[in-house]
Amino acid sequence: MTFARVRSLLTAAVLVAPVALLASAGGARADATDALSLAGATTVGVHNTYDQAAYPYLAQALDAGSSLIELDTWVNVFTHKWNVSHSNPLGSNNNCVQAKAPADLYTGNRSQNLDSCLDDLRVWLTAHPGHPPVMLKLEMKNGFDATIGMSPAVLDGYIAQHLGGLVYKPADLLRKADGSSYPDLDTAARAGNWPTRSQLAGKVVIEAIPGTFEQANPFDHLWTDTEYAQHLRDLAAAGSLGSAQIFPSVLGAQAGDPRTRYADAGLRPWFVVFDGDASTYLSGSDTAWYDRNHYLVVATDAQNVAPAIDDTNPTPAQASARVAQLAAGHASFVTSDWRSLTTVLPEVLPRG
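Everything numeric in this text was worked out from a predicted model, so none of it was measured.

A. Region of interest: the overall build of the protein chain. Summing up its helical and strand segments, the protein chain has twelve helices and eleven strands in all. Compactness check: the protein chain gives a C-alpha radius of gyration of 20 Å against a globular reference of 20 Å for 352 residues, within 12% of the reference. Each principal axis of the C-alpha atoms in the protein chain carries an extent, and together these give about 70 × 45 × 45 Å. Buried residues in the protein chain amount to 53% of all 352 residues. A sequence separation of at least 24 residues applies to 66% of the contacts in the protein chain between residues at least 6 apart. Here the protein chain holds 23 positive side-chain charges and 34 negative ones, and the gap between their average locations is 6 Å.

As structure tokens, then:
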């Protein structure tokens, strides 16, 4: 085969299969860090990943290497469906399609409901066996509404229907190697019971945070974090924790253990994921405490850590340096709007 022919074939491969090349490169990077536990690594995600301005199709965020994707969900009080949008409580506005196979991920009508977003994620992961774990962040814009059948238990069933066995669940963290279980998530996390990244290959870990509308609603006195933690505690007491799909997050960085805000101390052991502003974490809290206890920390708005860098298009060197800074600061997931930085999004660093 002539050199010209080889060059032609390589050029064609690059043009028609950039995603495959990126996945291959991402796999090589993951190989070097596959022994790290989920709580022992720092990875990179994209804020508001569902936004069409971020990616025309949700799958493209995964193609780009993002380790965290975010969906903003609304309980639609009229249709009793889970919508996905930034600010529309009565309809979906997003980059999810109704994919049944990999070829469907980049075509068809967008602005689908949560079920289609979950299906897109499942189809993509199934087409990329061995892919490193993905964190799915759900911002529950207006929380739950059990009065119309939109409860934590219903959402669990909904997720299980569309993601199936791909979800790494709270009950999985409790399970010991000998088949027995830890009593709660806090005890399991502090014991370092998180699996390695290689053991979590192809898996989805789901966190949920209270939404902005919920927090501003003076009539909502039961936010997502509290309601889902109560749900976990009740399931555990009933011996049914295996049905739970989500890790509730403590939202908002602050000094000390932020779980002390929950007056019901019995809820505190059901929180091992924390989510808040990166700058506040670095300047106002003992981030090593989270790391020592093997808690997960989602550090948002990474671009605003001093000295601030561009929120969408910093240089790759600037973004990589910021990821390294937050890894040293004990973040588990670093998020911003660096949607086009395909050399930075797949980065995996040892935490701390």
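B. Just empty space enclosed by the protein, in detail. Counting across every chain of the model gives two cavities of 30 Å³ or more. Its volume calculated, the largest cavity comes out at about 40 Å³. Together, A278, Y281, L282, T287, V297, A299, L326, G329, H330 and A331 line the largest cavity. Elements with a contribution of two residues or more to the lining of the largest cavity: α10 (278–284) and β9 (296–300). Here the element with the most residues in the lining of the largest cavity is α10; it accounts for three residues. Considered as a void within the structure, the second largest cavity measures approximately 30 Å³ in volume. Taken together, L38, T43, S67, P133, V134, M135, R197, V205 and F333 make up the full set of residues lining the second largest cavity. Residue composition of the lining of the second largest cavity, grouped by class: six nonpolar, two polar and one charged.

About the criteria used
- Residues numbered from 1 in each chain as written.
- Predicted model: local features only at pLDDT ≥ 70, side-chain atom pairs only at ≥ 80, totals over all residues.
- Heavy atoms only, no water.
- Helix = DSSP H or I, 4+ residues; strand = E, 2+ residues; numbered from the N terminus.
- Rg over C-alpha atoms; globule rule 2.2 N^0.38 Å.
- Buried < 20%, exposed > 50% of the residue type's maximum accessible area, 1.4 Å probe, protein only.
- Contact = heavy atoms within 4.5 Å.
- Lys, Arg positive; Asp, Glu negative; His and termini not counted.
- Charge placed at Lys NZ, Arg CZ, Asp CG, Glu CD.
- 1 Å grid on protein atoms, 1.4 Å probe; cavity = no way out; pocket = protein on both sides within 12 Å on 5 of 7 lines; lining within 4 Å.
- Points joined across faces, edges and corners; volume = space filled by probe spheres on them.
- Nonpolar A, V, L, I, M, F, W, Y, C, P; charged D, E, K, R; others polar.

Note that every value here comes from positions in space, so none of it alone points to a role or purpose.
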